[in-house]
Amino acid sequence: MGVFANDDPGSSGHEQVVFCQDKQTGLRAIIAIYSTALGPALGGTRFYPYASEAEALADVLDLSRGMAYKNALAGLDLGGGKAVIWGDPDRLKSEALLRAYGRFVESLRGRYYTACDVGTYVADMDVIARETRFVTGRSVEHGGAGDSSVLTAWGVFQGMRAAAEHVWGSPTLAGRTVGVAGLGKVGRHLTGHLIDDGARVVATDVNPRACEWARQTYPQVELVPDASALIAADIDVYAPCALGGALNDDTVPALRAKVVAGAANNQLAHPGIEKLLAERGILYAPDYVVNAGGVIQVADEIDGFNFERAKLRATRIYDTTREILQLADAEGVPPAVAADRLAERRMADVGRLRTILLP
Ligand SMILES: NC(=O)c1ccc[n+]([C@@H]2O[C@H](COP(=O)([O-])OP(=O)(O)OC[C@H]3O[C@@H](n4cnc5c(N)ncnc54)[C@H](O)[C@@H]3O)[C@@H](O)[C@H]2O)c1
């Protein structure tokens, strides 16, 4: 089946969707370019055992659109794209498959840059790079930025400061209680920033090793058994840093926090949850705005990685979040809607400049 088989042509709004196949290695990949209005499309490659091609396609269309919005609000000169490799990475991943995929990326001649996502790692990017120039998220030995969770956490912290200022008048978490759900790569760095800022942290993780890390590193962190306990706890800020869908019809009514700002992608379980949050007087700092530090970090590699430059850009997530919250108030819409509007405005206003001919 093809992308337009069951829909009106062009209804997904994507510029280009490419189906790639290499039977010998078992590669089946879909590269989706949502927009190149601001520059080459950047987004990671997800290697995942989808149940069907339709499921893989739906995911890549959704994720690539999300990247266009994220990259636009991160202030990058990059459009939005994403790729999926359909299959079980444990069984299928090989040098030849990754290199075959790299050749398909190269065939787009720079319209799409790839990077890591679920199921792909820095070492895989180094293999893909043997066939294409258009790959970021590489190892430090190859000029890469290394672990992107460092600036993701820094950016989430900046977005959270802006949200705190909007609600309580001061851009600090000092004296506030923050609930961190998920003490993985991002959650750990975020916990450090919060404690340095003077916040009290309550946290949870399903992995006992992550909880043990907290006990050893920050004995002052209060651990609760699960995310439901965290949501019901007396917290000021809720920071989902585990999986998507953290904000849903069950969790939002139970939430005691006044602010939600966290790293997890796709925190709103379905459209309409942003309204439910607004009705309950909970300020939601949109996930794709505050978690853009990771993409900022890997995007910086394209010009030769410079940590300080990338950190400065991730620090600006504070300003962007502030602007979105002010726009939301001014236009009487939830912050998620205001963020979308701002991203669309940048894509339209800056993207239009390409119509000025440069002979
Ligand atoms: N790493 C990045 O640069 C980056 C960038 C943007 C967005 N994100 C998103 O942020 C989130 C965290 O990323 P990460 O890199 O820290 O991932 P990670 O896998 O290192 O950490 C996730 C942690 O969440 C825990 N967890 C899973 N289910 C849970 C549950 N139900 N309750 C409590 N804890 C649970 C896991 O045990 C793990 O410790 C993900 O949603 C990711 O997509 C990450």
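Residues numbered from 1 in each chain as written. Predicted model: local features only at pLDDT ≥ 70, side-chain atom pairs only at ≥ 80, totals over all residues. Heavy atoms only, no water.

Asks: An account of the overall build of the protein is requested, with residue identities and associated values reported.
Replies: From N to C terminus, the protein includes 15 helices and twelve strands. Sequence separation of 24 or more characterises 65% of the internal contacts of the protein that already satisfy a separation of 6 or more. As presented, the protein carries roughly 16,100 Å² of accessible surface, and 50% of it is formed by carbon and sulfur atoms. Of the side chains in the protein, 36 bear a positive and 44 a negative charge, and the two mean positions are spaced by 3 Å. (Helix = DSSP H or I, 4+ residues; strand = E, 2+ residues; numbered from the N terminus. Contact = heavy atoms within 4.5 Å. Areas by Shrake-Rupley, 256 points an atom, 1.4 Å probe, with all protein chains shown as cover. Lys, Arg positive; Asp, Glu negative; His and termini not counted. Charge placed at Lys NZ, Arg CZ, Asp CG, Glu CD.)

Asks: An account of the packing of aromatic side chains is needed here, citing residue identities and associated values.
Replies: Scanning all chains against the criterion turns up six aromatic pairs. Between Tyr 48 and Tyr 50, the ring centres sit 5.1 Å apart and the planes meet at 65°, which makes this aromatic pair edge-to-face. With a relative accessible area of 38%, Tyr 48 lands in the partly exposed category. Tyr 50 gets classed as buried once you look at its relative accessible area, which sits at 5%. For the pair Trp 154 and Phe 157, a centre-to-centre distance of 5.9 Å together with 45° between the ring planes defines the contact as tilted. Taken as a pair, Trp 154 and Phe 157 lie in helix H5 (residues 149-168) at a separation of three residues, close to a single helical turn. Over the face of the ring belonging to Trp 86 we find Arg 28, whose NZ or CZ atom lies 3.7 Å from the ring centre. (Phe/Tyr/Trp six-rings, centres within 6.5 Å; stacked < 30°, edge-to-face > 60°. Buried < 20%, exposed > 50% of the residue type's maximum accessible area, 1.4 Å probe, protein only. Lys NZ or Arg CZ within 6 Å of the ring centre and 35° of its normal.)

Asks: Account for the packing of H5 against helix H6 (residues 185-197), naming residues and giving values.
Replies: One way to put it is that H5 packs onto H6 with a least axis distance of 8 Å and a crossing angle of 45°. The angle between H5 and H6 falls in the class oblique. The crossing of H5 and H6 is right-handed. Contact residues: H5 offers Ser 149, Val 150, Thr 152, Ala 153, Trp 154, Val 156, Phe 157 and Met 160, while H6 offers Lys 185, Val 186, His 189, Leu 190, His 193, Leu 194 and Asp 197. Of the residues belonging to the contact of H5 with H6, the class tally is nine nonpolar, four polar and two charged. (Axes fitted to C-alpha atoms, helices over the stretch in contact; angles between N-to-C directions. Parallel < 35°, antiparallel > 145°, perpendicular 65-115°, else oblique. Left-handed = near helix turned anticlockwise from the far one by under 90°. Nonpolar A, V, L, I, M, F, W, Y, C, P; charged D, E, K, R; others polar.)

Asks: Account for the site of the ligand, with residues named and values stated.
Replies: Around the ligand sit 18 residues, and of these Ser 148, Thr 152, Val 186, Asp 205 and Ala 242 come closest. With respect to the ligand, the side chain of Asp 205 contributes an N or O atom lying 2.6 Å from an oxygen atom. Backbone polar atom of Ala 242 to an oxygen atom of the ligand: 2.6 Å apart, as the coordinates give it. When the free accessible area of the ligand is taken as 840 Å², the share hidden by the protein chains comes to 72%. Here the residues of the shell around the ligand sort into eight nonpolar, eight polar and two charged. (Near = heavy atom within 4 Å. Polar contact = N/O pair within 3.5 Å; in protein donor to acceptor, adjacent residues only side chain to side chain.)

Asks: I'd love a proper account of the pattern of salt bridges, names of residues and values included.
Replies: Tallying each qualifying case throughout the model produces 19 salt bridges. For Asp 77, the salt bridge identified is with Arg 346, shortest N-O distance 3.4 Å. Of this pair, Asp 77 sits in the loop between helix H1 (53-73) and strand S5 (79-86) while Arg 346 is found in helix H15 (residues 335-351), placing the two residues 269 residues apart along the sequence. According to the relative accessible area criterion, Asp 77 is exposed, its value standing at 57%. In this structure, Arg 133 and Glu 106 form a salt bridge, with 2.4 Å as the shortest nitrogen-oxygen distance. Here Glu 106 lies in helix H3 (residues 95-107) and Arg 133 lies in the loop between helix H4 (122-128) and H5, a separation of 27 residues in the sequence. One salt-bridge network, held together by shared partners, links Glu 95, Arg 99, Arg 103, Arg 130 and Glu 131. (Salt bridge = Lys/Arg side-chain N within 4 Å of Asp/Glu carboxyl O.)

Asks: Report on the UniProt feature "active site" (unreviewed entry) in the protein, specifying residues and quantitative values.
Replies: Here, the residues flagged by UniProt with the feature "active site" (unreviewed entry) are Lys 82. Within the fold, Lys 82 resides in strand S5. The buried category is assigned to Lys 82, whose relative accessible area is 5%. In this structure Lys 82 touches Ile 30, Ile 31, Ala 32, Gly 43, Gly 44, Val 60, Leu 63, Ser 64, Met 67, Tyr 112 and Asp 117, once residues within four positions along its chain are discounted. (UniProt positions renumbered as here; feature names shortened; annotations may be inferred.)

Asks: How would you summarise the nonpolar core if you had to cite specific residues and measurements?
Replies: Soluble globular proteins: nonpolar side chains tend toward being buried together. Core analysis: the biggest nonpolar cluster contains 70 residues, and Tyr 101, Met 160 and Leu 194 have the highest contact counts within it. Counting residues per element, this core draws most heavily on H5, at eight residues. Excluding its chain neighbours within four sequence positions, the residues that come into contact with Leu 194 are Phe 157, Met 160, Leu 173, Val 178, Val 180, Ala 199 and Val 201. Membership of the second largest hydrophobic core comes to 19 residues, among which are Ala 181, Leu 230, Ile 235 and Ile 273. (Core = buried A, V, L, I, M, F, W, Y, C linked by side-chain atoms within 4.5 Å.)

Asks: Residue-level account of the environment of Glu 308, with values.
Replies: Relative to the helices and strands, Glu 308 is located in helix H13 (residues 307-315). Classification of Glu 308 as exposed rests on a relative accessible area of 54%. Between the alpha carbons of Glu 308 and Ser 94 there is a distance of 35 Å; along the sequence they are 214 residues apart.

Asks: Describe in detail the domain arrangement of the protein, supporting the description with residues and values.
Replies: Each domain of the protein was delimited in the assignment, giving domain 1 (16-67 + 79-144) and domain 2 (149-291 + 321-343). Taking only C-alpha atoms, the centre of domain 1 and the centre of domain 2 are 29 Å apart. (Domains from an automatic or database assignment.)

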